[in-house]
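Below are the chains, spelled out letter by letter.
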Amino acid sequence: MTKESSNEPASSDLIVEPAPHITGPMTKDRLMLYTFVALLIITAVSAILWAPVTTPSGWNLGLTVVINAIIAVGVAVGIDALLHKVVADSQLNIMSAAVFGLIVTLSYSLGVPIMATAEILPLEAPDAFLYVALISLIGLVLFKKIQGLAGRKYVNPAATAKLVVFLPFLSTMLLVKEHFALFTEGGLGVPLLAGPIGNTVINNNGVASFATYLQGCYNNPASTTLADLNWLMIVEKYHGWVGGASSLAVIIVGLGLFIIARKYIKWRITLSYLVTVTVMALLMTAIYGGDAEVRILFELFIGSSIFLAFFMATDPATTPLTGIGQLIFGVGLGVLTVLIQTYMNFFGGSLLALIIMNLTVPLLDRVGIHKPFGR
Amino acid sequence: MALLKIKEHKDQARKAPIEVFPDPKIAIVLTYQHAGAPNTPLVSVGDSVGIGQKIADSKEKVNASVHSPISGKVVKLGDTYNSCYQECSEAIYIENDGKKLKDKTLTPIPVSELEKTPNAVLIKRIREAGIIGLGGAGFPTHIKLSLPPDFPIKHLVVNAMEGEPYDTADERLIIEKTSNLLNGVRVMRKILGSPEVVIATKSNKTEALAKLTEVFSEEPNTKIVAGNFTYQQGDAAQLQKVLFGYEANPDRRSYERGTIVHNVATINAVAKAVFEGEPLISRVTTLTGDIKEPKNLLVKIGTPISDILNHFEIDQSDIQKVVIGGVMMGTSVPTTEAPVTKRTSSIIVFSKSKYKPLKRRTTCIRCSRCISACPVRLHPVLIFNAIDKGNMEKARRLYVKDCIACGICSYVCPSGIPLAGTICAERH
């Protein structure tokens, strides 16, 4: 370049970009990889715990989990890759799609044979395979990709997709008590924990009745002590959300992920949610009586509660930005979850609670805007 | 707020003694290198100038004059790339005559006569020497030292943090010019009315810390604070919080809290101007990055960067990016013809073979990490979104102007969003 041409920056091939010129180690893909590994561990734990169980339809429950995971992840990743090929501006997010697939798998309910057989809910293989594929498909296309066009996601894709796919069964899931008839007849009404209905049963040997119900799933040896119930709810259970097969595994893996990806995960939501659920369980006990510990065990460690607390409620895209916003989000989620489970008789009501709270995020983002340094 | 640590990459460079870089054949001296009013040239094509002769100045108060780094003839007035402002601006091209004739306008003041010299003379000297904040901000030093009488200064903070990764120019300056630093501190202390001197540095600058402790041990009312500080804490306001616990309001001047912070390179320049009569015509800069041997160079201001690269036989065809003034806050230049300025604290070379593009840009996942990482507690993602939508009013309400351009938000962003670049561009 001659001196005369230096009136303008040289058209050399030097890269000009804004500062900073170095970057930290955390990327979205890495964050998704960490989450994927965490979810994979939980999937494995659930599959192993459920491997000894054969459902009335003749399918091994552990195998069902594995097949579900392969289907959900396969559908999500496959469609993500396909959209990337077909639609010009669709970003390829393999890791993100894989995480979504596992969340679909782990938030799917399996293994409530009474409900499944009596109420034609697709909670068993082979029906489950079709429904998991459907949730994965609808979730990815409608609630990840199309919703993403709005600039950001407003509702949790996995939760919303599950609710949409289960819409035809809504009347079965909600407000109808017959699917617990078997137990109510024997004086073991399950909704006893779910509010006013089983009030008297709770007061009469509530621990035993609830434990018997849970143990009754897939003919586990029926014991009726509080210690058995503790073990069931915290260490290994055989019903409900796949991700909640072992609450302990969820807590350990969840905390591990929080530590490894610290500062990138909204742990405040998990904390305030779990505290709120506990408080709400105590409140419900105060109103309706019954055993406080049983109620806390149920509300806190039911799969839809503990798995959602660590892996769905903390989904960054659909949760508040500010610390205080996140705390309020968790509190609201906890209150709604217990209210929905109690008064709508909707087990797994945390899903609906999550979607409702997701929609409040634009408002919550205005809360907790702090003053800058020195002001 | 927790402050994150950034890898420093200084191990090699901090051991490299300062080398005097040869004078350029043609010096390209930008007339506008400071924060404040622009200068106009005092020379025309064909004029002969001596080393240290003032060649551009302005009548405005907030201003710093510019001097010829070499002796020779003005061959051209024209625009060249100005890394201080990331655009082309006026420069004076001086051809070296090799005679090394010195301009004698500024006469050295003997160290023994410092106490007898009126403050006004010292401040005028600093102004005439064109000294600006060499830590990067480029604010004229004489303005920072001319204080209204109703604000007594309690602390003179010597900023020896050098937080930018890679940069070691200040560190070498402390090690090799410690007595000069002591003299500079004495000048400033006299002007400011004998405040306590607090020298702040990082404990991992072991050699520099040892020198400081040795040289300043006899100095009254002086303390050295060395800690495991982060990059962000090198900012003057952050440093005051570390040292004194208070958060200075960004709308107010630092002296209102009784504290003045000066960078070590600035203080060294003050000592040279007062006791050697040398205006600011050279500075120490770190040449580092993807090169075999990082260097600390005492280089004349106006030396084209290409001269430095050629001198050390750095293959320019293998250079992908050249960053001036630190990897966190510095700017990448479009051409290596750009000259060294008063604010060129480092030259960092990224080679084509080792250069990796920064993170892949994806949509914001709302992890809120930028919010928790911002050392001045802004909400970078919200400000970015406001700017993106053209809502400047909202950006203003979110205190966009309080941004200190540290770059931390972009550094932590997992989605590769250019938060810092966008926000910095709108902060004024």
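It should be emphasised that the depicted structure is a prediction, and the values quoted were computed from it without experimental measurement. Every chain is numbered on its own, with residues counted from 1 as its sequence reads. Starting at A for chains and at 1 for ligands, labels are handed out in the order in which the entities are written. The predicted nature of this model means local features are confined to residues of pLDDT at least 70 and side-chain atom pairs, given and counted, to a pLDDT of 80 or more, with totals for whole chains, interfaces and linings taken over all residues. To get the side-chain values, take all heavy atoms of the structure and skip hydrogens and water.

This brings us to the overall build of chain A. Runs of E in the DSSP output that reach at least two residues are strands. Runs of H or I that reach at least four are helices, and both are numbered from the N terminus. Counting secondary structure elements, chain A contains 18 helices and 2 strands. Of all 375 residues assigned to chain A, the portion counted as buried reaches 56%. Any pair of residues with heavy atoms lying within 4.5 Å of one another is described as a contacting pair. The contacts of chain A with a sequence gap of at least 6 include a subset with a gap of at least 24, amounting to 70%. Areas reported as accessible are Shrake-Rupley estimates using a 1.4 Å probe. Residue values count occlusion only from the protein chains shown. In the form shown here, chain A has an accessible surface area of approximately 14700 Å², with 70% of it arising from carbon and sulfur atoms. Exposure is judged per residue with a 1.4 Å probe applied to protein chains only, and the accessible area is read against the type maximum: over 50% gives exposed, under 20% gives buried, and values in between give partly exposed.

This paragraph deals with a nonpolar patch on the surface. All names here are of chain A. Together, Trp267, Leu271, Val275 and Val279 give the surface a local cluster of nonpolar side chains, amounting to about 380 Å² of exposed area. With respect to the element layout, Val275 can be found in helix α13 (residues 267-288). On the basis of relative accessible area, Val275 is assigned to the partly exposed category, the value being 47%. Only residues whose relative accessible area exceeds 30% and that take part in no salt bridge are eligible for patches, with like-charged residues grouped when within 9 Å of each other and nonpolar side chains (Val, Leu, Ile, Met, Phe, Trp, Tyr) grouped when within 5 Å. Salt bridges are defined as contacts in which a side-chain nitrogen from Lys or Arg sits within 4 Å of a carboxyl oxygen from Asp or Glu.

Interfaces are frequently sized by the accessible area removed from exposure as the parts join. The partner chain A presents 50 residues to the 73 residues of chain B that form the contact. In total, about 5200 Å² of surface goes out of reach between chain B and chain A, with carbon and sulfur atoms giving 57% of it. With a closest N to O distance of 3.4 Å, Arg360 of chain B and Asp29 of chain A form a salt bridge. Under this definition, polar contacts are N or O atom pairs within 3.5 Å; protein pairs additionally need one hydrogen-donor-capable and one acceptor-capable atom, and for neighbouring residues in sequence, both atoms have to be side-chain atoms. Put simply, chain B and chain A have 31 residue pairs in polar contact (both at pLDDT 80 or more) between them. In terms of residue count, strand β7 (residues 72-82) of chain B provides more of the side of chain B that touches chain A than any other element does, 6 residues in total. Under the convention adopted here, Pro, Cys and the residues Ala, Val, Leu, Ile, Met, Phe, Trp and Tyr are nonpolar, Asp, Glu, Lys and Arg are charged, and Gly plus all remaining residues are polar. Taken together, the residues that form the side of chain B that touches chain A break down as 38 nonpolar, 19 polar and 16 charged. Throughout, the accessible surface (probe 1.4 Å) given up by two parts as they are put together, summed over both, is called the buried area.

On to the environment of Asn183 of chain B. Residues and elements named next belong to chain B. Its place among the elements puts Asn183 in helix α4 (residues 178-192). The exposure class assigned to Asn183 is buried, which follows from its relative accessible area of 16%. Placed 15 residues apart in sequence, Asn183 and Val198 show a C-alpha to C-alpha distance of 15 Å. Once residues lying within four places of it in the same chain are set aside, the contact partners of Asn183 are Val111, Ala271 and Phe275.

All right, on to the sheet that holds strand β15 (residues 319-324) of chain B then. Residue and element names in this part refer to chain B. Here a strand pair is declared whenever DSSP counts at least two bridges between the two strands. Taken together, 6 strands build an open sheet; the order of strands is β1-β14-β13-β17-β15-β16 and the sheet is mixed. The open sheet is flanked by β1 (18-20) and β16 (331-332), the only strands paired with a single partner. The pairing of strand β13 (residues 282-289) with strand β14 (residues 295-300) spans 6 bridges and is classified as antiparallel. The residue bridging Val284 from the neighbouring strand is Leu298, located in β14. In this description, a line fitted to the C-alpha atoms serves as the axis of each element, helices being fitted only across the stretch in contact, and the angle between N-to-C directions of two axes falls anywhere from 0 to 180 degrees. Contacting β1, β13 and β14, helix α3 (residues 169-176) runs over the sheet at an angle of about 125° to β13.

Attention shifts here to the nonpolar core. Judged by nonpolar contacts, the single largest core of 131 residues is most densely connected at Leu308, Phe311, Met312 and Leu333 of chain A together with Ile408 of chain B. The element contributing the most residues to this core is helix α3 (residues 94-106) of chain A, with 9 residues. Beyond its immediate sequence surroundings of up to four residues, Leu333 of chain A is in contact with Tyr273, Leu308, Ala313, Ser350, Ala353, Leu354 and Met357 of chain A. Definition used in this section: a nonpolar core is a set of buried Ala, Val, Leu, Ile, Met, Phe, Trp, Tyr and Cys residues joined via side-chain atoms within 4.5 Å. Ranked by size, the runner-up nonpolar core spans 47 residues in total, among them Ile18, Ala64, Leu134 and Val197 of chain B.

Residues and elements named next belong to chain A. Position of Thr322 among the secondary structure elements: in the loop between α15 (303-312) and α16 (323-343). Assessed through its relative accessible area of 2%, Thr322 is described here as buried. Polar side-chain contacts of Thr322 include one of 3.0 Å to the backbone nitrogen of Gly325. Within the local environment of Thr322, its side chain forms a polar contact with the backbone oxygen of Val367, the two atoms lying 2.7 Å apart. Setting aside residues up to four positions removed in sequence, Thr322 forms contacts with Leu364, Asp365, Val367, Gly368 and Ile369.

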